[in-house]
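Coordinates in review
Okay, here's what each chain looks like letter by letter:
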Amino acid sequence: MITSKSNENIKYAIKLLSSSKSRKENCEFIIEGLRLAREAVKNGIKINLTFYSEDFYKNFKKEADEILKFSKKSFLVGTNIIKSISDTKTPQGMVCICEFIDNSLHLDKNINKVLVLDNIQNPSNLGAIIRICDALGFDGVIISKNSCDIYNPKVIRGSMGSVFKTKILISDDLESNIFNLNNNGVSTLAMVVERGAEDIRSFRNLKNVALVIGNEGNGIRDEIIKICKYKAFIPIKENVNSLNASVAAGIAMWEISR
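So, a few notes on the structure that sits alongside this text. Bear in mind the structure is a predicted one, so any value in this text is a computation, not a measurement.

Counted at 1.5 Å a residue, the expected span for helix α7 (residues 123–135) with its 13 residues is 18 Å, and the 18 Å between its end C-alpha atoms agrees. Every buried residue of α7 is listed here: P123, N125, L126, G127, I129, I130 and C133. Of the residues flanking the start of α7, the one acting as N-cap is N122, its side-chain oxygen 2.8 Å from the backbone nitrogen of S124. After α7 finishes, the residue G137 shows a positive phi value of roughly 75 degrees.

See below:
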């Protein structure tokens, strides 16, 4: 049992929660809540440490025991401590420290549908996009290294656990990746707002597709757009400039999946 916030395990958890640098250095990240913990176990994610409150254990004894079986260490903690290592306003009462996920996307394999993300900064957007990729059966996601951290708690929560099973490549060189996709017969399709592009609904016969989505404020970088085979837009009212990145990605992915 841990009763103090000055405990080394608690201080370490707080660092993982708030610092991308700390997560990368230690190759560990935080998840919280029963649903995400169960998804982690289901997908073979290694849980190194679990904190849980007494109330949580009383309310979910059977489910908690299932999670604790897969955790290397576990600690009973007070509600005030759970709050200090939680990213939500009303924490459920379980927080786990997990090892980084070994589920990389390999571009040398046959690509059917893949999503490419250029400088996505909002963690909630990234989480939602990964969830849609999973739901629509995309092979995986290529994410530029200047995008937000996939282990950010908001990304994990927004993905509803889809980040545990989606193949992801963090790209050091997005241009090279797109060149390779082009050379391997994959149709690279940049989503833009220019009316001069083609309506996304017109792309119905593409068998191998890499769909490119850009930054929330600036869109896809010009140098990336130039090397994509196609440009597409989502038809919206003329007095509306653009859509939220995750919404645009969802619409585009749905159309490509059709």
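From this point on, the discussion continues.
What follows concerns the sheet that holds strand β6 (residues 140–144). Pairing in this open sheet of seven strands is parallel, and the strands run β7-β6-β5-β10-β8-β11-β9 from one edge to the other. Taken across any chain shown, the strands that pair with only one partner, and hence form the sheet edges, are β7 (168–171) and β9 (198–199). Both β9 and strand β11 (residues 230–233) contribute to a ladder of two bridges, which runs parallel. Following the sheet pairing, D199 is matched in β11 by F233. Where helix α9 (residues 174–183) meets the sheet, its contacts fall on β5 (113–117), β6, β7, β8 (187–191) and β10 (209–213), and the angle it forms with β6 comes to roughly 145 degrees.

So, on to the side chain of S22. The residue S22 is located in helix α2 (residues 20–26) in this model. A relative accessible area of 8% means that S22 is categorised as buried. If we ignore the near neighbours within four places in the chain, the residues touching S22 are K15 and L16.

Its place among the elements puts M160 in the loop between α8 (153–158) and β7. With a relative accessible area of 27%, M160 lands in the partly exposed category. Sequence spacing of M160 and A128 is 32 residues, and the spatial spacing of their C-alpha atoms is 8.2 Å. Non-local contacts of M160, meaning those with residues more than four positions away in its chain, are made with R35, L36, E39 and R131.

About the thresholds
Residues numbered from 1 in each chain as written. Predicted model: local features only at pLDDT ≥ 70, side-chain atom pairs only at ≥ 80, totals over all residues. Heavy atoms only, no water. Helix = DSSP H or I, 4+ residues; strand = E, 2+ residues; numbered from the N terminus. Expected span 1.5 Å × (residues − 1). Buried < 20%, exposed > 50% of the residue type's maximum accessible area, 1.4 Å probe, protein only. Polar contact = N/O pair within 3.5 Å; in protein donor to acceptor, adjacent residues only side chain to side chain. Pairing = 2+ DSSP bridges. Contact = heavy atoms within 4.5 Å. Axes fitted to C-alpha atoms, helices over the stretch in contact; angles between N-to-C directions.

These values are about where atoms sit, not about what they do.
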